[in-house]
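A structural walkthrough
Letter by letter, the chains look like this.
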Amino acid sequence: MSRSLKALIGPSILNSDLSKLFEESQKLIDNGADYLHLDVMDGHFVPNLTFGHPIVKCLRNHIKDAFFETHMMVSRPEQWIAPMADAGVNQYTFHIEPITNVEEICRKIKEHGMKAGVAIKPGTPVEEVEEYISVADMVLIMTVEPGFGGQKFMEDQMAKVQYLRKHYPLLNIEVDGGVGPSTIDCCADAGANMIVSGTAVTGSKDQMATIKLLRDTVQTAIDKVKNTE
Ligand SMILES: O=C(CO)[C@H](O)[C@H](O)COP(=O)(O)O
Ligand SMILES: [Fe+2]
């Protein structure tokens, strides 16, 4: 059987009421989220702070089955691999900008039983992440400057997604930042298949419909390409 791409929607709880982290997360899963995207910030790599492995572990104690991706916006990604694995994280996605030992970090993440995601900021050329595709499970192309939810989608980043999709037809490509119903066509047409959406989903009156619309749009684009092959 040949492998094929799948549209997956991973809402970010960054801009939701974090005092109700469990309730907000469970609601997203009940409304059809394929995975949860948990934004971890250290106040150093980005000018903001969120939460770390102790909170992720508490969340995992209440939500046993969902796939957890942590988006590590941290200066020392190596430091948090073991604690995040212990917290029950499934995918550890980190930025390549502050470090030089990307391959080693990917290896360690996998040794700890997690999938490895490599992320780049808008100012980082796609070629810099391309060299790690063979050792990573996913590439994250940021579509805002990392650090805050609710920012404007940067359409110019789609050239990176198009480039990766053209050269790596089965690569999991994630986009994150300002993605919602008004920008999803752009992401789907460029070839992204893993969609992080924060404000547009958590702030939606009908979360289930919004998640479905995002997934259907991306799956339709994937199927269109498949049918022309
Ligand atoms: O990594 C992030 C910010 O650094 C968030 O995942 C992202 O911003 C999601 O929120 P929104 O959809 O509101 O932009
Ligand atoms: Fe994120």
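Residues numbered from 1 in each chain as written. Chains lettered and ligands numbered in written order. Predicted model: local features only at pLDDT ≥ 70, side-chain atom pairs only at ≥ 80, totals over all residues. Heavy atoms only, no water.

Applied cut-off: UniProt positions are given in the numbering used here, feature names are shortened, and annotations may be inferred rather than shown by experiment.
By the naming in an unreviewed UniProt entry, the protein is Ribulose-phosphate 3-epimerase, taken from Papilio xuthus. Per UniProt, the protein carries the Catalytic activity (unreviewed entry) text "D-ribulose 5-phosphate = D-xylulose 5-phosphate". The record in UniProt for the protein states the following under Pathway (unreviewed entry): "Carbohydrate degradation; pentose phosphate pathway; D-xylulose 5-phosphate from D-ribulose 5-phosphate (non-oxidative stage): step 1/1."

Here we look at the overall build of the protein
Condition: A run of DSSP states H or I qualifies as a helix once it reaches four residues; a run of E qualifies as a strand once it reaches two. Both are numbered from the N-terminal end. What the globule rule says is 2.2 Å times the number of residues to the power 0.38, and the radius of gyration is computed from C-alpha atoms. Residues are treated as being in contact if the distance between any of their heavy atoms lies within 4.5 Å.
Along the backbone of the protein there are 9 helices and 8 strands. Relative to the globule expectation of 17 Å for 229 residues, the C-alpha radius of gyration of the protein, 16 Å, shows essentially globular dimensions. Based on the C-alpha atoms only, the size of the protein along its principal axes is roughly 45 × 40 × 35 Å. In the protein, the proportion of contacts linking residues at least 24 apart, taken out of those at least 6 apart, comes to 64%.

So, the coordination of the iron ion (ligand 2)
Any two of four tetrahedral donors ideally make an angle of 109.5 degrees at the metal, while pairs among six octahedral donors ideally make 90 or 180 degrees. What counts, and what does not: Water is absent from the atoms considered, so a metal site may look incomplete; donors are defined as N, O and S atoms within 2.8 Å of the metal, or 3.2 Å for Na, K and Ca. Here a site with four donors is tetrahedral if all angles are between 85 and 135 degrees, and a site with four or six donors is square planar or octahedral if opposite donors are over 155 degrees apart and the other angles are between 65 and 115; anything else gets the irregular label. Per-residue accessibility, obtained with a 1.4 Å probe over protein chains only, is compared with the maximum for each type, and a residue is labelled buried under 20%, exposed over 50%, and partly exposed between these values.
Donor atoms from the polypeptide that coordinate the iron ion (ligand 2) comprise His 37 (NE2), Asp 39 (OD), His 71 (ND1) and Asp 176 (OD), at 2.1 to 2.2 Å from the metal. Geometry at the iron ion (ligand 2) is octahedral, judged from its 6 donor atoms and the angles of 72 to 175 degrees they form at the metal. Mapping the donors of the iron ion (ligand 2) onto the primary sequence gives the spacing H-x1-D-x31-H-x104-D. Given the relative accessible area of 3%, Asp 39 is considered buried.

As for the nonpolar core
Burial of nonpolar side chains together is a common tendency in soluble globular proteins. Quick reminder of the rule: Put simply, buried Ala, Val, Leu, Ile, Met, Phe, Trp, Tyr and Cys residues joined by side-chain atoms within 4.5 Å make one nonpolar core.
One finds Phe 94, Val 118, Cys 187 and Ile 195 to be the most contacted residues of the largest nonpolar core, which totals 62 residues. For this core, the element with the highest residue contribution is helix H9 (residues 207-228), accounting for 5 residues. Among the nonpolar cores identified, the runner-up in size contains 8 residues, and Tyr 35, Ala 119, Val 144 and Val 196 belong to it.

Notes on the site of ligand 1
In plain terms, the rule: Here, proximity means that at least one heavy atom of the residue falls within 4 Å of the molecule or strand. Between N or O atoms, a polar contact is any pair within 3.5 Å; within protein, one atom must be a potential hydrogen donor and the other a potential acceptor, and residues adjacent in sequence are included only when both atoms are from side chains. Areas reported here follow the Shrake-Rupley algorithm with a probe of radius 1.4 Å; residue values treat only the protein chains shown as occluding.
As a matter of local geometry, ligand 1 sits amid 19 residues, with Gly 147, Gly 150, Asp 176, Gly 198 and Thr 199 nearest to it. Between ligand 1 and Phe 148, the relevant distance is 3.4 Å, taken from an oxygen atom to a main-chain nitrogen or oxygen of the residue. Here Gly 178 contributes a backbone N or O atom positioned 2.8 Å from an oxygen atom of ligand 1. A total of 360 Å² of accessible area belongs to ligand 1 in isolation, and the protein chains cover 99% of it.

Some thoughts on the side chain of Thr 70
Checked against the element boundaries, Thr 70 lands in strand S3 (residues 68-73). Excluding residues within four positions of it along the chain, Thr 70 makes contact with Leu 38, Val 40, Val 56, Met 84, Val 89, Gln 91, Tyr 92 and Thr 93.

A closer look at the pattern of salt bridges
Stated precisely, the cut-off is as follows: Only one rule defines a salt bridge in this text: a Lys or Arg side-chain nitrogen within 4 Å of an Asp or Glu carboxyl oxygen.
Tallying each qualifying case throughout the model produces 8 salt bridges. Note that Arg 215 and Asp 34 form a salt bridge whose closest N and O atoms lie 3.1 Å from each other. You can see Arg 215 sitting in helix H9 and its partner Asp 34 sitting in the loop between helix H1 (21-30) and strand S2 (36-41), a full 181 residues away along the chain. Taking the relative accessible area as the measure of exposure, Arg 215 reaches 22% and is therefore partly exposed. Take Asp 34: its relative accessible area is 28%, and that puts it in the partly exposed class.

Let's talk about the side chain of Asp 39
By secondary structure assignment, the location of Asp 39 is in strand S2. In this structure the side chain of Asp 39 is engaged in a polar contact, spanning 2.7 Å, whose partner is the side chain of Ser 12. Not counting residues up to four positions away in its chain, the partners in contact with Asp 39 are Ser 12, Leu 14, Thr 50, Phe 51, His 71, Met 73 and Asp 176.

Side note on the packing of aromatic side chains
To keep things clear, this is the line we draw: Two rings belonging to Phe, Tyr or Trp (six-membered ring only in the last case) form a pair when the distance between their centres is within 6.5 Å. Interplanar angles under 30 degrees mark stacking, angles over 60 mark edge-to-face geometry, and anything in between is tilted. Note on criteria: charge over ring means Lys NZ or Arg CZ within 6 Å of the ring centre, with the direction from the centre no more than 35 degrees off the ring normal.
What the rule picks out here adds up to 1 aromatic pair. Ring geometry for Tyr 35 versus Phe 67: centroids 6.4 Å apart, planes at 90 degrees, classification edge-to-face. Taken together, the residues Tyr 35 in the loop between H1 and S2 and Phe 67 in the loop between helix H2 (53-62) and S3 connect sequence positions 32 residues apart. Overall, the relative accessible area of 27% leaves Phe 67 in the partly exposed class. A cation over a ring is seen here: Arg 60 above Phe 68, with NZ or CZ 3.8 Å from the ring centre.

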